Each structure stands twice: as structure tokens, then as C-alpha cells.
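Chains, contacts and geometry: an overview
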Amino acid sequence: MISKRVRDFPFSGIREFFELVQKAEDVISLGVGEPDFPTPEHIKDAGIRAIENNHTSYTSNYGLPELRESIAAKLREQNNVEVDPETEVLITSGVSEALDLALRAIINPGDEVIIHEPSYVSYRASIWFSGGSPVEVSTREDNGFRVQPEDLRDAISDKTKALLIASPNNPTGSVLRRRDLEEISDIAVENDLLVLSDEIYEYMIYDKEKHYSIGSLNGMGDRTITLNGYSKAFSCTGWRMGYAAGRKDYIESMMKIHQYTMLCAPSIAQYALLTAFEHMDSVERMVRSYDTRRRLLVDGLNSLPDVSCIKPKGAFYAFPNITKTGFSSREFAEKLLADAGVAVVPGDTFGASGEGYVRCCYAASREDLSEALERMDSFLTKQK
Ligand code: PLP
């Protein structure tokens, strides 16, 4: 009874791996991509007030008008992206829903969407489930895993509908430079393609790198759907809040699906996140703390036998190269878990070019990071 498209697609490698993790004891997990801070107080307070004030009904399908206004103002001031809050912003249940809606709104059966890999596991799946074909472009460590615009160009066929890019990227932490984005924009304009831009890690950026929204570049406002949300920077993964912004007809078509499937994003979370951009100091504090832990983990990884790790410029993941250990990504992760009680995610889970790497999330306490590094050190020394 199960559809062929669903049957043919594999379960997420992360899920498979975490079933193993759950069975193991005394594990330090660098596996899950979740902030380790509680949601900031002002957001929690606004959520509590929303319940007390009985803001517990459906909202507009597009989302609360005042929340859409706060997002449009944020996009104008911080990202240089102009959208009309009334018709060009849709509040969704996380970036996950925004991504799914964007793909379902634009894809006809067989259309191709180009993604760079290693990348977030949901991209291929969401393209596939919406009837499209994911076309993957590899990225490499020697240029910081930044997708090379000419590789995107080479992947274009007469079936290509859109490019899906993420910066900062999960799992590599790569950050696209303005020049990269300009070249990608030229490719999109020349080939009449849409760009879906996942900017969920925009605030988690280090070493004086800067985030640019591709939707702000020349000619891109009309052909970009910006996807963003509150999960990571505002430590709100469970509130399920995200949004999409772009040209009216794209957002309206996404809203059509959303109105029949989700009706609206959770009302309490919408009221709570109305306060999000008012207190950016809490985000800045969290990002500073991730930065300290990033240095600790990356320096530690580079001092391990047979491991090397480039400094990720964004998000909260390190993506060390483990090829010299002689293990595949999967063997490395399984043995490290079984022998040393440290959970990391095999890099090939995120795409073929992730083979030879593992993803370590540094949203863990400094004590846990130090202990994980010590355990990895004894594990690797024993293999010699
Ligand atoms: N996009 C990227 C790149 C992610 O890493 C994740 C979660 O890990 C998501 C989107 C999903 O985010 P949300 O919680 O907003 O659905």
C-alpha cells in the first residue's frame, strides 16, 4: 500500500545512527544538531503570556500580521531584502515546512533541483517527496566546502528548476562569500532559475565572516525564496517556527498548500517569537559561547592522531577529516561509539563527498567537549 516514491527513499542515516546511540551507555553525544541553551527568558515569558491571554486559536494562514511585519523589517534592516509583510511572508512550522512548501509549490514531476553536498539531510528527501529529482554537486575541503559556482553551472540541464543553497551550511560550517553569491546569481538569471536560500544559521558566523542574503543581490529579489527560522539562533527548536519570504505568487502558492495542510503555524509560538528580534543580545551571547567552543573543539581535533579539521566559519559543527585512520566514516563513528562512548555522525549521511569525514556538533558543554577529545585521543592511540 505504500507509494513507490516513499518506499524507494531510505530512512535518514542520522535516525539509524541514533538508534545505536540510544542503546549505548555513558555516551557523550556530539551528534544532535541542537543548541544546548534554554530558550531565552523573554521568549519564554511571551509564550506564557500568550497562553494566559488565550492566544490559543488559529491565526491567519499567513501568520500573525505583526510577526510578518517584524520579519519584513528584519529582512529590510539586516539583510537588505525587501518584502511586503502582507503578501510576501509566510510563517511556517520551522524551516522544514517552509522548504517542503517551497518545493511542492514549484516542482512539476521530474523537475530537477540542484543542491550542494554534503548538506542537510532533508534537502534530497524534500525534493524527492515533492516529485522532483535532486541533482547533487560535490564540495571539497580544500576550498572550505564552499560550493563552486562553475560546478553548479555544469549541473544545469533543461529540467533544472531551482538551486537550493545553504550558508552557513550544515554539516560543513561553510560560509559563502559575496563573490560566490554574485556568481550564483548570474547563473540563476542566465538560466532562469529560482534560488531557495536556507539561511537558518545566519547569525552563527565567526572569524569576521559576514552573512549575505542572495535575495538582496541584483535581480534576485524576484527569483529567491528566503527560508529562515528561529530554531538555532534563538534556541527554539521545539517551538517549530520558521518563515519563507519571496515574491507574492510564490508565497501565495506556498500558502495554498499550508492552508490545507497546516492551517497556520502554532499560535503560542508566533506570539512568543514576536519578541525575538527585540533582544538580539541574547543571540550574540550564545554565538560568542559557540565560538569559544568551536576553537576548543577544532584545536583539540587537530591535535589528535590521524585527524585534521579545517576551521568552520559558521553554524555549530566541525567536520574533521578522518581518512588517515583507515576507517570509513561509518566504521569510525560506530567504533568510536562502541569503544569510546562518543557519538558523532558519519559524514556520508550528508552526501557522498562526506565520506572520510564525521560531523561533531559543538553545542555541548566545555567539559563534555574536553572529555570527548580525551576519549577520542585514547581511541585513536589504541588503533596505532
Ligand atoms: N536547515 C538546516 C540547514 C538545518 O540544519 C536544519 C536543522 O537541523 C533545518 C533547516 C530545520 O530547521 P527547523 O527546526 O527550522 O525546521
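Residues numbered from 1 in each chain as written. Predicted model: local features only at pLDDT ≥ 70, side-chain atom pairs only at ≥ 80, totals over all residues. Heavy atoms only, no water.

1. Some points on helix α12 (residues 329-340)
If you check α12, its first and last C-alpha atoms are 16 Å apart, about what twelve residues at 1.5 Å a residue would give, namely 16 Å. Inspection of α12 places Ser329, Phe332, Ala333, Leu336, Leu337 and Ala340 among the buried residues, and these make up the whole buried set. The arc enclosing the buried residues of α12, seen along the axis, measures out at 125°, which places them on a common side. Buried-residue contacts for α12 involve α2 (13-23), β10 (342-343), β11 (345-346), β12 (358-361) and α13 (366-383). Directly beyond the C-terminal end of α12, a positive phi value near 70° is found at glycine 341. (Helix = DSSP H or I, 4+ residues; strand = E, 2+ residues; numbered from the N terminus. Expected span 1.5 Å × (residues − 1). Buried < 20%, exposed > 50% of the residue type's maximum accessible area, 1.4 Å probe, protein only. Arc of directions from axis to C-beta. Contact = heavy atoms within 4.5 Å.)

2. Observations regarding the pattern of salt bridges
Evaluated as defined, the whole model comprises 25 salt bridges. A salt bridge links glutamate 371 to arginine 375; the nearest nitrogen and oxygen atoms lie 2.8 Å apart. Pair noted here: glutamate 371 and arginine 375 are both in helix α13, with a separation of four residues, about one helical turn. (Salt bridge = Lys/Arg side-chain N within 4 Å of Asp/Glu carboxyl O.)

3. Re the domain arrangement of the protein chain
Domain annotation for the protein chain reports domain 1 (4-39 + 281-383) and domain 2 (55-278). With 38 residues of domain 1 in contact, the opposing surface of domain 2 contributes 37 residues. Of the roughly 3200 Å² buried between domain 1 and domain 2 on both sides combined, carbon and sulfur atoms contribute 60%. At the boundary of domain 1 and domain 2, one finds three salt bridges. We note a salt bridge from aspartate 207 to arginine 295, for which the minimum N-O separation is 3.8 Å. (Domains from an automatic or database assignment. Buried area = accessible area lost by both parts, 1.4 Å probe.)

4. Focus: the nonpolar core
Buried together is how nonpolar side chains tend to be arranged in soluble globular proteins. Residues Leu30, Ile71, Tyr230, Phe234, Leu301 and Phe316 are the most contacted members of the largest nonpolar core, which totals 107 residues. Sorting elements by how many residues they give to this core places helix α11 (residues 280-302) first, with eight residues. Residue contributions to this core reach at least three from each of two domains, namely domain 1 (4-39 + 281-383) and domain 2 (55-278). Leave out the neighbours within four places in its chain, and isoleucine 71 touches Val89, Ile91, Tyr230, Tyr243 and Phe277. Listed in part, the 17 residues of the second largest apolar core include Val135, Leu163, Leu176 and Ala188. (Core = buried A, V, L, I, M, F, W, Y, C linked by side-chain atoms within 4.5 Å.)

5. A look at the site of the ligand
In the vicinity of the ligand, the contacting residues are Gly94, Val95, Ser96, Tyr120, Tyr123, Asn170, Asp198, Ile200, Tyr201, Ser231, Lys232 and Arg240. One of the side-chain N or O atoms of tyrosine 201 is found 2.8 Å from an oxygen atom in the ligand. Its free accessible area being 400 Å², the ligand has 92% of it covered by the protein chains. In terms of residue count, the dominant contributor to the shell around the ligand is helix α5 (residues 94-106) (three residues). Taken together, the residues that form the shell around the ligand break down as five nonpolar, four polar and three charged. (Near = heavy atom within 4 Å. Polar contact = N/O pair within 3.5 Å; in protein donor to acceptor, adjacent residues only side chain to side chain. Areas by Shrake-Rupley, 256 points an atom, 1.4 Å probe, with all protein chains shown as cover. Nonpolar A, V, L, I, M, F, W, Y, C, P; charged D, E, K, R; others polar.)

6. Re a nonpolar patch on the surface
On the surface, a cluster of nonpolar side chains totalling about 290 Å² of accessible area is made up of Ile2, Val6 and Phe129. By the secondary structure assignment, phenylalanine 129 is in helix α6 (residues 122-129). (Patch = residues over 30% accessible without salt bridge, like charges linked within 9 Å, V, L, I, M, F, W, Y side chains within 5 Å.)

7. Overview of the packing of aromatic side chains
Per the counting criterion, the structure on display carries 18 aromatic pairs. For the pair tyrosine 120 and tyrosine 123, a centre-to-centre distance of 5.6 Å together with 85° between the ring planes defines the contact as edge-to-face. Classification of tyrosine 123 by relative accessible area gives buried; the value is 3%. With centroids separated by 5.6 Å and ring planes inclined at 55°, the aromatic side chains of tyrosine 230 and phenylalanine 234 adopt a geometry described as tilted. Looking at phenylalanine 234, the relative accessible area reads 2%, which means it is buried. Members of the aromatic cluster, joined through ring pairs, are Phe37, Tyr201, Tyr290, Phe316 and Tyr317. Directly above the aromatic system of tryptophan 128 lies the positively charged group of arginine 5, at a separation of 3.9 Å from the ring centroid. (Phe/Tyr/Trp six-rings, centres within 6.5 Å; stacked < 30°, edge-to-face > 60°. Lys NZ or Arg CZ within 6 Å of the ring centre and 35° of its normal.)

8. Digging into the environment of threonine 226
Among the secondary structure elements, threonine 226 is positioned in strand β7 (residues 224-229). The exposure class of threonine 226 is buried, given its relative accessible area of 2%. Residues threonine 226 and valine 89, spaced 137 residues apart in sequence, show a C-alpha to C-alpha distance of 9.5 Å. Setting aside residues no more than four positions away along its own chain, threonine 226 makes contact with Ser197, Glu199, Tyr243, Ala244 and Ala245.

9. Things to note about the environment of histidine 42
Topologically, histidine 42 is positioned in helix α3 (residues 41-52). The exposure class assigned to histidine 42 is buried, which follows from its relative accessible area of 17%. Considered as a pair, histidine 42 and serine 282 are 240 residues apart in the sequence and their alpha carbons are 9.5 Å apart. Beyond its immediate sequence surroundings of up to four residues, histidine 42 is in contact with Thr275, Ala276, His279 and Ser282.

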